[in-house]
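Secondary and tertiary structure notes
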Amino acid sequence: LGFTFLPCVLANLHRAPAIVTSRSDPRAGRAIWAEHLDALVVPSTAAGGPGTKDLGWGARCLVVAVEENASVMREPPER
């Protein structure tokens, strides 16, 4: 990391995705909601998070866990 890293991050924070929890939010029209998803592809070590599990339960969304995709997260679906 160099001296220019932090200013670069700070200058582009306005482009970061935001979490929208209400359909009355002005950004809701541009949001991706769970019912818009047909499939979700994640590394197998990241498939145990609450968001991924919630999408997979109830057959709302096909969750594909890829074992060959390396990830530093350690949250397998068995937990």
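A short tour of the structure in this document, coming up. Fair warning: this is a prediction, and the values are worked out from it, not measured in the lab. (Residues numbered from 1 in each chain as written. Predicted model: local features only at pLDDT ≥ 70, side-chain atom pairs only at ≥ 80, totals over all residues. Heavy atoms only, no water.)

Examining the overall build of the chain
This is how the line gets drawn: Where helices and strands are cited, they refer to DSSP runs of H or I of at least four residues and of E of at least two residues respectively, numbered from the N terminus. The classification of residues rests on relative accessible area computed with a 1.4 Å probe and restricted to protein chains. Under 20% of the type maximum is buried, over 50% is exposed, and intermediate values are partly exposed. It only takes one pair of heavy atoms within 4.5 Å for two residues to be counted as in contact. Using a 1.4 Å probe, the Shrake-Rupley method yields the accessible areas, and only the shown protein chains count as cover for residues.
Along the backbone of the chain there are two helices and two strands. Listed by position from the N terminus, the elements making up the chain come as α-β-α-β. Counting every position in the chain, which comprises 79 residues, the buried fraction comes to 19%. Long-range contacts, defined as pairs at least 24 residues apart, comprise 41% of the intrachain contacts of the chain with a sequence gap of at least 6. Total accessible area computed for the chain in this model is approximately 6500 Å², and 62% of it derives from carbon and sulfur atoms.

Quick word on the pattern of salt bridges
Stated formally: A pair is scored as a salt bridge if a Lys or Arg side-chain nitrogen falls within 4 Å of a carboxyl oxygen belonging to Asp or Glu.
Under the counting rule described, the total for this entry stands at two salt bridges. Between D25 and R27 there is a salt bridge; the shortest N-O distance is 3.1 Å.

Side note on a nonpolar patch on the surface
The cut-off we apply is this: In this scheme, patches are assembled from residues that exceed 30% relative accessible area and form no salt bridge. Like charges are connected within 9 Å, while nonpolar side chains (Val, Leu, Ile, Met, Phe, Trp, Tyr) are connected within 5 Å.
Residues F5, L6, V9, L10 and L13 make up a contiguous nonpolar surface patch of about 470 Å² in total accessible area. Considering the arrangement of structural elements, one finds L13 in the loop between α1 (5–11) and β1 (39–43).

A few points about the environment of R60
Topologically, R60 is positioned in the loop between α2 (50–56) and β2 (62–66). Classification of R60 as partly exposed rests on a relative accessible area of 44%. Along the chain, R60 and L37 lie 23 residues apart, while their C-alpha atoms are 8.0 Å from each other. Setting aside anything within four residues of it in sequence, one finds R60 in contact with L37, D54 and L55.

Let's talk about the environment of I32
For I32, the position within the fold is in the loop between α1 and β1. The exposure class assigned to I32 is exposed, which follows from its relative accessible area of 69%. For the pair I32 and I19, spaced 13 residues apart in sequence, the C-alpha to C-alpha distance is 9.8 Å.

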